Amino acid sequence: MKAAYRRFKHWGWGFEDQQPDERALEGIAGALHERLGFEIDRIEQPVPLADVKLPRTRLKPPAELKEMFTAGEHTRAAHSMGKAYRDVVRGFRGIYEHLPDLVAFPESPEDVDAVLSWCADERAAAIPFGGGTSVVGGVEPRLPDDRYRAVVTLDMRAMDRVLEVDAVSRAARIQAGATGPRLEEQLREHGLTLRHFPQSFEYSTLGGWLATRAGGHYATVYTHVDDLVESIRALTPAGGHEWISRRLPGSGAGPSPDRALLGSEGILGVITEAWMRVQERPRFKLSTGVRFDEFAAGAEAVRELSQAALFPTNCRLLDATEAETTGAGPPGRALLVLGFEAAHHPVDEWMSIALEVCREHGGEPGEVRGGAGEENPASGEDSVSAWRHAFLNAPYLRDAMVACGILSDTFETAITWDRFPGFHEDVMEAAREAVAEVTDAPSDGPGSPRISCRFTHVYPDGPAPYYTVLAPAKRGGEVEQWDEIKAAVSEIVIDGGGTITHHHAIGRDHRPWYDRQRPEPFAAALRAAKRELDPRGILNPGVLVDPDRDD
């Protein structure tokens, strides 16, 4: 293994050197109590990895490839789960039920091909791994049956270069292991940007975004990474042929080969690189916060904005609970975080029209900030910058919440505008009932659980609501507690006609509801594609479909 990395925490978000010390945790606990009202009786510490008895590896790498592999305990533990609440809790408590036997660090497509061939020969499952930020069990070696001798995780982060830039067409050929900061750093040298900023941007990779159809910071138009793809290159265990689609601005030539890989979550092939549509860095930016007395009024304003062809970059509506919890707004009022940006022209006219729409629905705009040449107009003490700060720090804060005995997780979906009001009411009620059933917290008042909603993305035909649950946790039973809540709300989401996920992917955690959402003929087609491309069923088994048995 030639690549060297700053060490991730073996259990939580970020790197080891980012873990708050005891004094900092005490300060965080005090702030959480003040903001949420939850009683925090003690602050726990994560179980040191040295105190955890991990299963021994069942496989040794071949001599000709051994420099590419490691079986180190920290590396295996750090690659054993994603970053869902249930993952963080288990790691925090030293519960490692499913570990890879080996972790490979390929540095080229040839390395990937060699690893896949060896895994097929050894009957070892192969799990592609980018930044490990999955929140749906997408990278956990939780296998569907006992046919596999072992598990090999392919960490793609050594393949992190921008290989080629086409400034005329504004496209860049980027390796799949490039993290958000790494690819942006290289594109900046050319005055370009991908401008795809998921919450996991700091650690997640291009390949992970493509494999899970990740959502970015654009609230309208370019909402998913799908919209930025020109072509994709991947390798499959079948061998003989690389999956390389043609670079084109558009094509009507049959089903899209890129669309088949987008959202495939590593079950059809390992994405090694892609040509991505990039753009000039924006020079004109404006942002503001708009307050509404009622979330419903804000939703109607957002619906009109989404149907008016204004295409705001940011159009995220926070309900009153979300706005208050994040410190972005005053108690009792919803907040719309609204922004426009462009590289070519000022956006003042678009902002003016959007604010007039908001006023017609009872909205009260705050100060509009920004202008020409500002990298981040929301960088002061206003409501927009407060929400942005809370958004970016939420994954780090959740680690502290686990230590303080606070349950903190989310679920998200999408639904059409005509069904949203009733759907939202049903989801909130189901969440309240499930939380009340699994916690001993009061139903209202100080210390009561908080369930909030915001729109992460909006379309002319509907929003993507994103729900957050904060509640006192039952220490030692957190996973069971959250699983019960998650199952209850997922049932309501599917029964109400929503999608089980708008941008978090399927993984293993969403499989029961995805199986009900997709058409059965499509499931059969997907299984047939996997059988052809991955005849031994080694790629990320148990995700999207179950592989056929070959024995």
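See the structure printed just above.
Looking only at helices and strands, the protein features 15 helices and 19 strands. The C-alpha atoms of the protein give 23 Å as radius of gyration, which agrees with the globular expectation for 551 residues (24 Å, within 12%). By principal-axis analysis of the C-alpha atoms, the protein measures approximately 65 × 60 × 45 Å. Looking at the protein as a whole, 57% of its 551 residues are labelled buried. Relative to all contacts within the protein whose residues are 6 or more apart in sequence, the contacts with residues 24 or more apart total 75%. Carbon together with sulfur atoms contributes 50% to the accessible area of the protein, which is approximately 22900 Å² in total.

Inspection of the entire model under this criterion finds two cavities of 30 Å³ or more. Within this model, the largest cavity holds a volume of roughly 70 Å³. Around the largest cavity, the lining residues are Phe8, Trp13, Gly14, Ala78, Lys83, Phe129, Gly131, Gly132, Thr133 and Tyr203. Its residues assigned to classes, the lining of the largest cavity comprises five nonpolar, four polar and one charged. By volume, the second largest cavity amounts to about 50 Å³. Taken together, His10, Trp11, Ala77, Ala78, Ser80, Met81, Gly82, Lys83, Asp87, Val88, Gly91 and Tyr96 form the lining of the second largest cavity. Of all elements in the fold, only helix 2 (73-78) and helix 3 (85-92) reach the threshold of two or more residues within the lining of the second largest cavity. A per-element tally of the lining of the second largest cavity places helix 3 first, with three residues.

In terms of nonpolar packing, the biggest core is built from 62 residues, with Tyr96, Leu305, Leu336, Leu338 and Phe455 touching the most fellow members. Among the elements that make up this core, the one with the highest residue count is helix 12 (residues 420-438) (eight residues). Those residues in contact with tyrosine 96, other than ones at most four positions away along the chain, are His10, Trp11, Leu49, Val52, Leu54, Ala77, Ser80, Met81 and Gly91. In terms of nonpolar packing, the next biggest core, distinct from the first, is built from 39 residues, Ala178, Leu187, Ile271 and Val543 among them.

Turning next to the sheet that holds strand 3 (residues 124-129). Read from one edge to the other, the open sheet built from four strands follows the order 1-2-4-3, with strand pairing classed as mixed. What marks the edges here is a single partner per strand, and that holds for strand 1 (69-70) and strand 3. In this sheet, strand 2 (residues 102-104) lies alongside strand 1 in antiparallel orientation, the contact comprising two bridges. Among the inter-strand pairings, threonine 70 is bridged to a residue of strand 2, identified as valine 103. Sitting on the sheet, helix 4 (residues 109-122) touches strand 1, strand 2, strand 3 and strand 4 (150-155), and the angle it makes with strand 4 is about 170 degrees.

Turning to a nonpolar patch on the surface, a few remarks are in order. On the surface, Val221, Tyr222 and Phe311 cluster together to form a nonpolar patch covering roughly 300 Å² of accessible area. Here valine 221 lies in the loop between helix 6 (206-212) and strand 8 (229-235).

Turning next to the pattern of salt bridges. In the structure shown here, the tally under the stated rule is 44 salt bridges. Linking aspartate 495 and arginine 516 is a salt bridge whose minimum nitrogen-to-oxygen distance equals 3.0 Å. You can see aspartate 495 sitting in helix 13 (residues 478-495) and its partner arginine 516 sitting in helix 14 (residues 511-517), a full 21 residues away along the chain. According to the relative accessible area criterion, aspartate 495 is exposed, its value standing at 57%. Arginine 516 gets classed as partly exposed once you look at its relative accessible area, which sits at 41%. In the salt-bridge network here, residues are joined through shared partners; they are Asp41, Arg42, Glu44, Arg93, Arg475 and Glu478.

Scoring rules and cut-offs
- Residues numbered from 1 in each chain as written.
- Predicted model: local features only at pLDDT ≥ 70, side-chain atom pairs only at ≥ 80, totals over all residues.
- Heavy atoms only, no water.
- Helix = DSSP H or I, 4+ residues; strand = E, 2+ residues; numbered from the N terminus.
- Rg over C-alpha atoms; globule rule 2.2 N^0.38 Å.
- Buried < 20%, exposed > 50% of the residue type's maximum accessible area, 1.4 Å probe, protein only.
- Contact = heavy atoms within 4.5 Å.
- Areas by Shrake-Rupley, 256 points an atom, 1.4 Å probe, with all protein chains shown as cover.
- 1 Å grid on protein atoms, 1.4 Å probe; cavity = no way out; pocket = protein on both sides within 12 Å on 5 of 7 lines; lining within 4 Å.
- Points joined across faces, edges and corners; volume = space filled by probe spheres on them.
- Nonpolar A, V, L, I, M, F, W, Y, C, P; charged D, E, K, R; others polar.
- Core = buried A, V, L, I, M, F, W, Y, C linked by side-chain atoms within 4.5 Å.
- Pairing = 2+ DSSP bridges.
- Axes fitted to C-alpha atoms, helices over the stretch in contact; angles between N-to-C directions.
- Patch = residues over 30% accessible without salt bridge, like charges linked within 9 Å, V, L, I, M, F, W, Y side chains within 5 Å.
- Salt bridge = Lys/Arg side-chain N within 4 Å of Asp/Glu carboxyl O.

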